[in-house]
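Fold and contact review
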Amino acid sequence: MATTRLDRTKVARTALDLLNETGLEGLTLRAIAKELDVKAPALYWHFKDKQALLDEMATEMMRRMSADFLAEPDPDWRVAIRTSMRGMREHLLRYRDGARVYSGTHFTDLSYAAPLEAHLRTLTEAGFTPPAAARAWSTAYSFTIGHVIEEQAPGPDEDGGGGLAARAERLAAYPLAAAAGEELFRAHDRGFAAGLEAVIAGIGATLAAPDTA
């Protein structure tokens, strides 16, 4: 057994490195222990189960995002949301199943607090009420994570469905649904950009103060 001292952050970083090889389903404490050259029980000192590990992995992802692009939002709230959500998507896409790992977890420290505070301040200084600022951030954040989950899920070209042509053939009686395949399953960059602009426009129309909408 290796004598290198383990800590939660080291294990989480190793797990993130391994994720691209195994995917979420194949990521086990046993596989991570093998990568670290320790026995699996050594990891249970730090994580009681896989969910606890995912919480720490998501926290490490947040630490990296905070360092990369979340710390200093643009004073224009639209630019701040656009830049942050684009950066979040790019970051989640670095990891196989990255959005699934990140979603539904609980952060294990307060690394999220400073960037969240900074973005909420940008929104409130632009005229949003505190509840509206929180809802604006949450809406854009949820859209981004949801989009990447779908983007990283197997599509018709990957799930044994025969690709878009076969999908269109199955949907021959539903021409609009058939034609939507290209937009839904291949135009990810364009789709995210268009969806994010719709979210930002909706935030401006429904949550911003009248003089900032």
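Residues numbered from 1 in each chain as written. Predicted model: local features only at pLDDT ≥ 70, side-chain atom pairs only at ≥ 80, totals over all residues. Heavy atoms only, no water.

Under the annotation held in an unreviewed UniProt entry, the chain carries the name TetR family transcriptional regulator and is attributed to Streptomyces alfalfae.

Bringing the side chain of R82 into the picture now. Its location among the elements puts R82 in helix α4 (residues 77-92). Within the structure, R82 has its side chain in polar contact with the side chain of E197 (distance 2.7 Å). If near-sequence neighbours (up to four positions away) are discounted, R82 is found in contact with L196, E197 and I200. (Helix = DSSP H or I, 4+ residues; strand = E, 2+ residues; numbered from the N terminus. Polar contact = N/O pair within 3.5 Å; in protein donor to acceptor, adjacent residues only side chain to side chain. Contact = heavy atoms within 4.5 Å.)

All right, on to the UniProt feature "domain: HTH tetR-type" (unreviewed entry) in the chain then. Per the UniProt annotation, the sites labelled "domain: HTH tetR-type" (unreviewed entry) are residues 5-65. Note that residues 5-65 is 70% helix and 0% strand, and that its end C-alpha atoms are spaced 26 Å apart. (UniProt positions renumbered as here; feature names shortened; annotations may be inferred.)

It is worth spelling out the nonpolar core at this point. In this structure, I32, L43, M57, Y102 and F128 are the most contacted members of the largest nonpolar core, which totals 53 residues. Mapped by element, the contributors of at least two residues to this core are α1 (8-26), α2 (29-36), α3 (50-70), α4, α5 (98-102), α7 (130-152) and α11 (188-206). The element that contributes the greatest number of residues to this core is α3, accounting for ten residues. Setting aside anything within four residues of it in sequence, one finds L43 in contact with L6, V11, L29, I32, A33, L36 and V38. (Core = buried A, V, L, I, M, F, W, Y, C linked by side-chain atoms within 4.5 Å. Buried < 20%, exposed > 50% of the residue type's maximum accessible area, 1.4 Å probe, protein only.)

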